[in-house]
Amino acid sequence: MEIAAIKLINGEIKSKSHAYIQNTVSVGDSEQIHGYSDEFLAANGKNAIDVFTEFLEFIQDAFLVGHNLGFDIKMIVILNRIRFERR
């Protein structure tokens, strides 16, 4: 639904990346947790393949630190495979 990152160099923010992802299935009751409605994501989100392509370009070979990265990295790998299969 949302992906964001900052690039730090020597403790200073050098660049930022942020995007909402258009959902392909309804968010349903999870909207109560994160606050993003289907309508919000349709209006403000972008296609997942495009978002993850931009994200991969942003991170390049950077060292990643984050919350729940195991799940996030699995999603990035899956979407990256899909992206290359479409070429």
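Predicted model only: the values in this text are computed from it and were never measured. (Residues numbered from 1 in each chain as written. Predicted model: local features only at pLDDT ≥ 70, side-chain atom pairs only at ≥ 80, totals over all residues. Heavy atoms only, no water.)

Caption draft 1: Broad picture of unusual backbone geometry. Residues other than glycine seldom take positive phi values, yet Asn-10 does so here, at roughly 55°. In this fold, Asn-10 is placed in the loop between β1 (2-9) and β2 (12-21). Of note in this structure, Gln-60 is not a glycine but carries a positive phi near 45°. Within the secondary structure, Gln-60 sits in the loop between α3 (48-59) and α4 (69-85). Judged by relative accessible area, Gln-60 falls into the exposed class, the value being 63%. (Helix = DSSP H or I, 4+ residues; strand = E, 2+ residues; numbered from the N terminus. Buried < 20%, exposed > 50% of the residue type's maximum accessible area, 1.4 Å probe, protein only.)

Caption draft 2: Here's a closer look at the sheet that holds β1. Ordered by their spatial adjacency, 3 strands build an open sheet running β1-β2-β3, and the pairing between neighbours is mixed. In the strand order of this sheet, the two ends are held by β1 and β3 (45-46), each with one partner. Pairing of β2 with β3 involves 2 bridges; the strand directions are parallel. Across the sheet, residue Tyr-20 finds its bridge partner in β3, namely Gly-45. The sheet contacts of α3 involve β1, β2 and β3, and relative to β2 the element is tilted by about 170°. (Pairing = 2+ DSSP bridges. Contact = heavy atoms within 4.5 Å. Axes fitted to C-alpha atoms, helices over the stretch in contact; angles between N-to-C directions.)

Caption draft 3: Main features of the packing of aromatic side chains. For the structure on display, the rule yields 3 aromatic pairs. With a centroid separation of 5.5 Å and 10° between ring planes, the pair formed by Tyr-36 and Phe-40 is classed as stacked. The exposure class assigned to Tyr-36 is buried, which follows from its relative accessible area of 17%. Accessibility expressed as a relative area gives 28% for Phe-40, which makes it partly exposed. Members of the aromatic cluster, each reached through a chain of ring pairs, are Tyr-20, Tyr-36 and Phe-40. (Phe/Tyr/Trp six-rings, centres within 6.5 Å; stacked < 30°, edge-to-face > 60°.)

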